[in-house]
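Now for the letters of each chain:
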Amino acid sequence: MQMKANTEQQTVVKSLDEIDRDIFAPAGTPLEGAAIPAVLAAGAPKHPNGLRRTNLDGDWELAMEGTEGERLGAAWSDAIPAAVPGSVHTALLRAGVIPDPYEAQNDQIAKAYSFKTWWLRTSFDWAGTAVGASLTFGGVCDSCAVWLNGKLLGGHKGMFGGPDFEVGDLLQREGNVLVVRLDPAPFMERTTEMNDFFNGMNVGWLNTAVFNNVYGWHYIDLPALGIWRSVTVEQTPDVKVEPPFIGTLDAQEGLMRLNVRLNGGSRPLEGELAVTIAPDNFEGETHYFTSPVEQAAGSAELRFEFNIPDPQVWWPNGLGAHPLYRLTVAFTASGGRGTADVTDSVFGIRTIEMRPTADGAREDWYNWTFVVNGKPMFVKGTNWCTLDALMRFERERYDRFLTLAEASHIQLLRAWGSGMPETDDFYELADRKGLMVIQEWPTAWDSDRVQPYDILEETAVRNTLRLRNHPSLVMWGGGNESADPTGPVIDMFGRLAWELDGTRPFHRGEAWGGSRHNYEVYWGKKPLERNLSLAWPFIGEFGLPSMPNLETVLRYLPGSERDVWPAPETGTLIHRTPVFNLKSCMDRLLFYSSAFTDNGSIAAFVLGTQLAQTTGVRHTLELARSRWPASTGIAFYKLNDNNPAASWATVDWHGVPKMAYYFIRDAYEPLHAAVLLDTFSPGSSGLSAPVYLFDDAGALMDAAWEVTVRAYNKQLAEIARTVYKESRSTEAVRRIGTFELSGEQTDTCPLLLVTELRTSGAPLKRSFSWLNFEQDNGCLFRLPSARLEWRTRDDRVEIANAGDVPAVAVQIEIEAGADDFHPAEQYLWLDSGETKSVWIGDAAVVGVTAWNMR
């Protein structure tokens, strides 16, 4: 029988990624095209000395107002010291001019100083050559003019890098005087345009590029000013090595591409390029290669391809180690002529690609499956806020918060468009902790349609070149929550993402193209239960605000308000809600808190809001994990704060974890068992809930495991128990059964579920959840009393439940002010007769408590 040919053509569906690239029409990418093969040899060449550099960081003089003539003159009788890097407000605080903006309502006092003109001055010596030097500002917030030795160099606007000036002919060996004028923070009151949410607020940030979360909407109204990054004077080389770019073609083979751009101006390029690759945070061999350069033109773009021997592959948190390499590139002119240039950066061997979801490619969706080093993965994420409203960006503070992220099994931080292109310290620490980053440009709510194109373009160029070697950086984003991110600025961002990088995806915005943000709970005042049904390929934001821990609240409340309840309408407690109560934030916080407590005191209110946040977030994370591969990731809003206040953060500004932090850490455990709920209020209707086992790293491939689910009534009597077990599991996400309760069993307030995972017979982890709490307000705290005993031994605390009933939500209490405290476990369920040993480091424990201790 003759077969009939199939003449129908199969339709090829493009993803939004592919469609966007056609729209952006990039000229090419740095790593595409022919490459020079290079072979690495063991050892390292002797690189030339780096360029002469003078760092101008330290204490400068700061003065307010005054004319150009006055400020370029002699002594400033009204000056105070100001640290650079730093901000105007931190200098004023240090000098006692303003009270702490993070206490009481002092931010309103400090705000007036944002709209003054400020002058900064320093002096320095220069031992370099008389010509050929550049003055570089890492970042000035926001608008400035600069004078060196009385000569105006120029001005600059936009805080994320610059200005830069050639100053060699102005430098003196001694007594150089550098003066910077900071213009007032931008101000423009929004009344009718843009988003109605902003009516009446200062939206001056629309006229520049800054982090806008200090402009009154979220969570402080204190626009920043200052020289917030380092200032340097550096010798100009005869041939400049532009920031090199290295990317991975094949992680397992260590196959790399390196792009090096040389700029010699009008000079011919004749000399040698030396490239060294050395282990940065692990033990291993150093390798190098050299390449001759002979080119008549004054600039060249060189592309090399090579294999790194015994490649150590960088993996995200929870999936493997995070080895880093240091890349050093040096160009030396033939015969040692001129000034050699040397530059270095840190990189990792890793690939990132995006594949379609389980539903296949769609023209209105991006490819949302994250594939790292060839491994598809569900991504456990959070949103990242600017670290401090006063621009105190110390490495130690970054380390505190990113360590907390790492410890809670977070794999992805979304540095959102209302924040900033993050600092070198942030990215270096993220590299070392395996934390992937989505970096968005500073646009939000269609602001790209009115923000200055040239400022945003400079921001994108400077920071792409600065950040693109970091393995933690896995995606570029156009901005935050724009309804239609399709204008010329977003297209420019997309084109630059290809032309300056090309190894990472670019998304026009978030939420967009298959991702969602959902705030029906809180802004929509929907019940917490709504979050039990959130389902989308990628959820980029959802969450619930809560008060910080009571100790933090008492730090910012003035003494006269600490015993006043209900909170006065003009008081500090309401002032420090997410939008200064302009959007009825206090009413919403009280609404959700009332599901758990009677709101009869500040302490009860704080506890109620934290319970609401915990309840409204943790189960949604487990739901998203259970839907893999249809769901590919989730990022709750958010990890941190820019100042002490009620907010969506799960760790307050001081670095103190809230309740939600610990339950989210459980929900994100690489090896975790969970009962998925579709209601918080089964009442007398019974319960039929699926039970899931999550195993991100394949820990159960060859291990016996057992999951036990127990239910307890209001007397803390066990009313049901189901055991699920097997010799091994090969799936990252697996439904292992259904937990059933009758209507009679669920007719109790509260109803408590305990889930325990054991491997090879040994207990591994336990978590618990609560239901039917709304039917009897406060029932979580009227449970039969437990009796706890504890003692410290070395760096641990031993806790014993000496009572007849389980101890619910056992917490370790430490001395006040220990902001760096982070126990290995918190909010424990301890069975009667059980003893638990918990690591506490060097913290001073003052007590142990639980929800059911009197």
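Everything that follows concerns the structure shown earlier in this document.
Remember, predicted model here, so these are calculated numbers, not experimental data.

How each quantity is defined
Residues numbered from 1 in each chain as written. Predicted model: local features only at pLDDT ≥ 70, side-chain atom pairs only at ≥ 80, totals over all residues. Heavy atoms only, no water. Pairing = 2+ DSSP bridges. Helix = DSSP H or I, 4+ residues; strand = E, 2+ residues; numbered from the N terminus. Axes fitted to C-alpha atoms, helices over the stretch in contact; angles between N-to-C directions. Phe/Tyr/Trp six-rings, centres within 6.5 Å; stacked < 30°, edge-to-face > 60°. Buried < 20%, exposed > 50% of the residue type's maximum accessible area, 1.4 Å probe, protein only. Lys NZ or Arg CZ within 6 Å of the ring centre and 35° of its normal. Arc of directions from axis to C-beta. Contact = heavy atoms within 4.5 Å. Expected span 1.5 Å × (residues − 1). Salt bridge = Lys/Arg side-chain N within 4 Å of Asp/Glu carboxyl O.

**Considering the sheet that holds strand E14 (residues 231-235)**
- Taking strand neighbours across the sheet as the criterion, the four strands line up as E3-E14-E7-E11 in an open arrangement whose pairing is antiparallel. Each having just a single partner strand, strand E3 (53-55) and strand E11 (164-166) make up the two edges of the open sheet. Geometrically, the sheet is characterised by an average inter-axis angle of 15 degrees between neighbouring strands, direction not taken into account.
- With five bridges joining them, strand E7 (residues 133-137) and E14 adopt antiparallel strand pairing. In the sheet register, Thr136 faces E14, and the bridge partner there is Thr232.

**What to know about the sheet that holds strand E2 (residues 41-42)**
- The strand order across the open sheet built from five strands is E2-E19-E18-E21-E22, with neighbouring strands paired in antiparallel fashion. Two strands bound the open sheet, and with one partner strand each, they are E2 and strand E22 (341-347).
- Relative to E22, strand E21 (residues 325-333) is paired through seven bridges, and the arrangement is antiparallel. Bridge pairing links Tyr325 to Phe347 in E22.

**Examining the packing of aromatic side chains**
- On inspection of all chains with the given rule, the structure shows 49 aromatic pairs.
- Between the aromatic rings of Phe24 and Phe506, the centroid separation amounts to 5.6 Å while the plane-to-plane angle is 75 degrees, which identifies the pairing as edge-to-face. Here the residue Phe24 occupies a position in helix H1 (residues 16-24), and Phe506 occupies one in strand E30 (residues 506-507), the gap between them amounting to 482 residues. No difference in accessibility class separates Phe24 from Phe506, as the two residues are buried.
- With centroids separated by 6.4 Å and ring planes inclined at 50 degrees, the aromatic side chains of Trp368 and Phe370 adopt a geometry described as tilted.
- With a relative accessible area of 0%, Trp368 lands in the buried category.
- The exposure class assigned to Phe370 is buried, which follows from its relative accessible area of 0%.
- Ring pairing ties together the aromatic residues Tyr661, Tyr662, Phe663, Tyr712, Phe768, Trp770, Phe781, Tyr827, Trp829 and Trp851, which thus form one cluster.
- The cationic tip of Arg397 hangs over the ring face of Trp653; the distance from NZ or CZ to the ring centre is 4.3 Å.

**Some words on H1**
- All of the buried residues in H1 are Leu16, Asp17, Asp20 and Phe24. Take H1 and look down its axis: the buried residues cluster within an arc of 100 degrees, on one side only.
- Along its buried surface, H1 packs onto helix H8 (488-499) and E30.
- A positive phi of about 50 degrees marks Ala25, the residue just after H1.

**A word on helix H5 (residues 395-407)**
- Over its 13 residues, H5 extends 18 Å from the first C-alpha to the last, a length consistent with the 18 Å expected when each residue adds 1.5 Å.
- Of the positions making up H5, those classed as buried are Arg397, Tyr398, Arg400, Phe401, Leu402, Leu404 and Ala405.
- Turning to H5, the residues buried within the fold contact strand E26 (379-384), strand E27 (412-415), helix H6 (424-433) and helix H13 (659-667).
- Positive backbone phi, at 70 degrees, marks His409, one or two positions downstream of H5.

**With respect to the pattern of salt bridges**
- The full count for this structure, using the stated rule, is 52 salt bridges.
- Of the charged contacts, one joins Arg181 and Asp183 as a salt bridge, the two residues approaching to 2.9 Å between their closest N and O atoms.
- We classify Arg181 as partly exposed; its relative accessible area is 24%.
- By relative accessible area, Asp183 is classed as buried at 18%.
- Between Arg326 and Asp344 there is a salt bridge; the shortest N-O distance is 3.2 Å. Within this pair, whereas Arg326 is found in strand E21, its partner Asp344 is found in strand E22, the two being separated by 18 residues in sequence.

**Some remarks on the pairing of strand E18 (residues 269-279)**
- Of all eleven residues that make up E18, nine are buried, and the element is covered over most of its length.
- In the sheet, E18 pairs with E21 via nine bridges, with the strands oriented antiparallel. When the bridges of E21 are listed, Gly271 appears paired with Ala333.

**A few points about the side chain of Thr328**
- Considering the arrangement of structural elements, one finds Thr328 in strand E21.
- Thr328 gets classed as buried once you look at its relative accessible area, which sits at 14%.
- Apart from residues lying up to four places away in sequence, Thr328 is in contact with His47, Ala274, Val275, Thr276, Val342, Thr343 and Asp344.

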